[in-house]
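# Residue-level structural notes
Here are the chains, one letter per residue:
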Amino acid sequence: MNLSQAFKMAGKSILANKMRSLLTMLGIIIGVAAVIALVGVGQGTTKQVTDQVESLGTNLLTVNITGRGSKTTVDYKEAEEITNKDDIAFAAPINQQNASVKNGSESTSVSVVGTTADYLDVKEYELAQGRFVAQIDLDYYQRIAVLGATTATDLFGTTNAVGQSFLINGVRYKVVGVLASKGSSLTGSNDEVVVIPITTSERLFKSKGVKTINVQVADADKMDQVVTELETELSKKFRGDTNSYRVFNQQDLLDSFSSISDTLSLALGGVAAISLLVGGIGIMNIMLVSVTERTREIGIRKAIGAKKKDIMIQFLIESIALSGLGGLLGIAIGIGTSQILSHAMKITVVLSIPVIGLAFGFSVFIGVVFGLFPANKASNLRPIEALRFE
Amino acid sequence: MEAKPLIQIETLSKQYKMGGEIVHALDDISLRINYGDFVAIIGPSGSGKSTLMNVIGCLDAPTAGKYWLDGEEVSRLRESKLAEIRNRKIGFIFQGFNLLNKLSALENVELPLIYRGVPAKQRKEQAIEALTKVGLGERVKHKPSELSGGQQQRVAIARALAGNPPILLADEPTGALDTRTGAEVMELMKELNRQGHTIVLITHDTAISKQAKRVVRIQDGQISEEGGERREPQSSLQNGG
C-alpha cells in the first residue's frame, strides 16, 4: 500500500465524519491561530517601538546625574565642559520639572525643561515661529519661554503665542518661540513642553545643578568611545562615586526593550504551544474512540491481507491529516484575525513566515506523536477478535 | 503419485484457555483438500468448525501440527507473513458479508488488491471483472447500504475473487440470507467451482452441505468424512478418524 492511497483513505474517513473531524481539529485550529495572532501582535508591537526609538536617533546618549547635594552636583557650565569633545555634536544639560502653567483662565500641567541652546538640535526640534533659547538668555536669567505646539494651543488657542506672556508656578514668562509639532515618543508627548533657560529654571524650582545631559554623538560608531570618555570625566568629577551618575545609551534601551519583548513572545508562544498540546490530546482521544468504533473494519482489512504496518500507517496518516488540516485552518484563521486586529485596533501586526511554518510543523508533529498510540492499538488488534466485535 | 494437495493438514491441534480450563478446539486433525475441490465442513456450534476455518484461513495459528497451503508450510509463520498469505491465497466470504459500509462496491472489491500493491488502473480492471463475474457489473458505484443482502454477499464474493486466490473460504455464506437468495448464492458458488475455483464452505446446515462435492463433518474437535456428491476414498485421509 502506498502513501497516496493511505492519504486518500484518510481523507475519506475524515470527510465521512465532518462534524466530529472539525471538533477534533478545533484544539489545533485554536492553538495555531493563537500562535500566529499573538506572536504577530507581539512582534508588531516590538517593531513599532523599535522604529520609534530608532527614529529618535541611535546616536543619542543620556547622562543622568543622580548624586545631589552641594559637592556632588554639576552646574550647566561644568556639564558643557564635560561634554565638550570632538566626537560630540551637541549636548544639552537639562533641569526638568513638571509645573502648572497658566494664561488667564487656561491652565495646564506640562513638563518645564530648563536647558541650553543645544537642546533644539539634540532633540531635533524645528521652530515653527520665533526663536529658541539663546546663550544670552542663560547669562541674564531671562524669563523667556519656548512652547511646544500642543502647549501653545492649550494656552493661547489659535492666536499667535509669540510675544505674549503666561505664568509658570505664578511667575510671569514671555513667549519667544513655538516649536513645530513632533508627535509622541516613548517618553510621552514631545509637543506638551515648555522650554526655558536652565539658569532661570534653577531659580524657579530652587534646584541647583543639572539632572540630565542629552548628548548627540557625531558618529554612531563612536558611541562606545564617547560613553567611556564621559564616564571617565564624570568619575573624576564625583571622585569615583559611580552611583552619582549614569550614562545611558539609546541602544541599551533598545536592547533591553527587545529582550523584554522576546520574553513576552516566548511566553505567548508557550501558552499557545500548551493549547496545541491540549489539542493533540483531543486528537488522541477521538482517535482512540475511532479505533474502538472501527474494530470490525480493522478486522476485515486484516482478514483480507492488511499487514500490521498497513493499519498503523492508515491510522497514523489519519491523525496527521487531521492535525495538518487543523493547522492549515488555524493558519488561515490566525492570519485573518491578525489582519482584523491590525485594521480594527490600529496595531502593527508582523506575520512571520518562520512562525507560521513552525506552528504548522508543530501541529503535524503533534499529529504524529498523539496518533502513534491509537495507531499502534489498532494495528495490534487480532483479526479474529476484531471480526467478532459487534 | 497423486498431485500435491492445495491444503494438507497433518495431526493439527488447537487448544486455548478459557476461564482457566484448556479447551481442545481441534484435536489431532488431518485433512487434505485438492485443487478444484468443493468441500463443505459441517458441524454444530461449538464443534470447532470456526476454529478450523480460522486456522485454514491463516487467521489463527495452530498449537501443534503442520499445515501446508498451496505447497507452503504456514503453521509457524509470523503475523506479517500470514497477512500476505491471506491476501494472496485466500478469498474470504463471511456470513455477515463484512463489507466496509463507507466504500462503494468497487472500492470494497479493490481493497485486497490495494494491500497487494496492484497499480490503480489494473486494480480497477480486475475489480470490475470480478464484479461482472458475480453479475454486479452495473452496480459498481453503489454503497453496500444501497444493495440487497444477496447483492452484498455477491460483492463479498467478488472481493474474494478479485485477487484470484487459489482457495475461496466461505463461512456460512447463506447464513444471513433468505432461502431464495441463499440458493442463488449457492448456485453462484457451484458455478465458480465449475470454473475451477477451490471452495471450502463452513456451515451447520445439511441442506447446504449436500450441494458440495465432499462433506467433512466436525464434532468435538475431530473430523470424519461423510461424502457429498462424491465420496472421497478413505485412503486419501491419513488419520481420518
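Keep in mind the model is a prediction, meaning the values are calculated, not measured.

Helix and strand counts for chain B come out as seven helices and ten strands. Its C-alpha atoms give chain B a radius of gyration of 18 Å, within 12% of the compact-globule value 18 Å for 241 residues. Projected onto the principal axes, the alpha-carbon positions of chain B cover approximately 50 × 45 × 40 Å. For chain B, the proportion of its 241 residues judged to be buried stands at 55%. Long-range contacts, defined here as pairs at least 24 residues apart, represent 67% of the contacts in chain B between residues at least 6 apart. Within the structure as shown, chain B displays about 10600 Å² of accessible surface, and the carbon and sulfur contribution to it stands at 47%.

On to the overall build of chain A, then. Across its full length, chain A carries 13 helices and twelve strands. Reported as C-alpha extents along the three principal axes, the dimensions of chain A are approximately 105 × 50 × 30 Å. Buried residues in chain A amount to 46% of all 390 residues. Taking all contacts inside chain A whose residues are at least 6 apart in sequence as the whole, residues at least 24 apart take part in 79%. Entry remark: accessible area of chain A is about 18600 Å², with carbon and sulfur atoms responsible for 58%.

Below, the discussion takes up the interface of chain B and chain A. The interface of chain B with chain A comprises 23 residues on the first partner and 23 residues on the second. Surface buried jointly by chain B and chain A totals about 2100 Å² across both partners, of which 60% is contributed by carbon and sulfur atoms. Inspection of the chain B/chain A interface yields four salt bridges. Residues arginine 382 of chain A and aspartate 60 of chain B are paired through a salt bridge, measuring 3.8 Å at the closest nitrogen-oxygen approach. One can count nine residue pairs in polar contact (both at pLDDT 80 or more) joining chain B with chain A. Residue assignment for the side of chain B that touches chain A shows that the elements contributing at least two residues are α2 (79-89) and α3 (105-116) of chain B.

Our next topic: the sheet that holds strand β4 (residues 64-69) of chain B. All names here are of chain B. In spatial order, the strands read β2-β1-β4-β5; together these four strands make up an open sheet with antiparallel pairing. Across the chains shown, the open sheet's two edge strands, defined by having one partner strand only, are β2 (21-33) and β5 (72-73). When β4 meets β5, the two strands line up antiparallel, connected through two bridges. Each residue of the ladder has a partner; that of leucine 69, found in β5, is glutamate 72.

All names here are of chain B. Burial of strand β6 (residues 90-93) is two-sided: the residues Ile90 and Phe92 facing one way and the residues Gly91 and Ile93 facing the other way are all buried. The sheet contact formed by β6 and strand β7 (residues 167-171) spans four bridges and is parallel. Pairing of glycine 91 across the sheet is with leucine 168, part of β7.

Mapped onto the fold, threonine 212 of chain A is located in strand β11 (residues 212-217). Beyond its immediate chain neighbours, meaning those up to four positions away, threonine 212 of chain A contacts Thr62, Val63, Asn64, Ala92, Pro93 and Ile94 of chain A.

Each assigned domain of chain A is listed with its residue range as follows: domain 1 (3-53 + 255-388) and domain 2 (67-243). For domain 1 of chain A and domain 2 of chain A, the distance between their C-alpha centres works out to 57 Å.

Now for the nonpolar core. One recurring pattern in soluble globular proteins: nonpolar side chains tend to sit buried together. Of all hydrophobic cores here, the largest spans 75 residues; its most connected members are Ile7, Ile9, Ile41, Tyr67 and Leu69 of chain B. Setting aside chain neighbours within four positions, we find isoleucine 41 of chain B in contact with Lys49, Leu52, Ile56, Val200, Leu201, Ile202, Thr203, Val216 and Ile218 of chain B. Core analysis: the second largest hydrophobic core is formed by 39 residues, Ile88, Leu120, Val122 and Ile213 of chain A among them.

Okay, the pattern of salt bridges next. Summed over all chains, the structure comprises 20 salt bridges over all chains. Among the salt bridges present, the one from arginine 382 of chain A reaches glutamate 385 of chain A, with a minimum N-O distance of 3.2 Å. By relative accessible area, which is 43% here, arginine 382 of chain A ends up partly exposed. In this structure, arginine 180 of chain B engages glutamate 184 of chain B in a salt bridge whose closest nitrogen and oxygen atoms are separated by 3.1 Å. Here glutamate 184 of chain B and arginine 180 of chain B lie together in helix α6 (residues 179-194), a separation of four residues that amounts to about one turn. Arginine 180 of chain B gets classed as exposed once you look at its relative accessible area, which sits at 60%. Here the residues in one salt-bridge network are Arg294, Glu297, Arg301 and Glu318 of chain A, joined through shared partners.

Here is what the cut-offs are and how they apply
- Residues numbered from 1 in each chain as written.
- Chains lettered and ligands numbered in written order.
- Predicted model: local features only at pLDDT ≥ 70, side-chain atom pairs only at ≥ 80, totals over all residues.
- Heavy atoms only, no water.
- Helix = DSSP H or I, 4+ residues; strand = E, 2+ residues; numbered from the N terminus.
- Rg over C-alpha atoms; globule rule 2.2 N^0.38 Å.
- Buried < 20%, exposed > 50% of the residue type's maximum accessible area, 1.4 Å probe, protein only.
- Contact = heavy atoms within 4.5 Å.
- Areas by Shrake-Rupley, 256 points an atom, 1.4 Å probe, with all protein chains shown as cover.
- Buried area = accessible area lost by both parts, 1.4 Å probe.
- Salt bridge = Lys/Arg side-chain N within 4 Å of Asp/Glu carboxyl O.
- Polar contact = N/O pair within 3.5 Å; in protein donor to acceptor, adjacent residues only side chain to side chain.
- Pairing = 2+ DSSP bridges.
- Domains from an automatic or database assignment.
- Core = buried A, V, L, I, M, F, W, Y, C linked by side-chain atoms within 4.5 Å.

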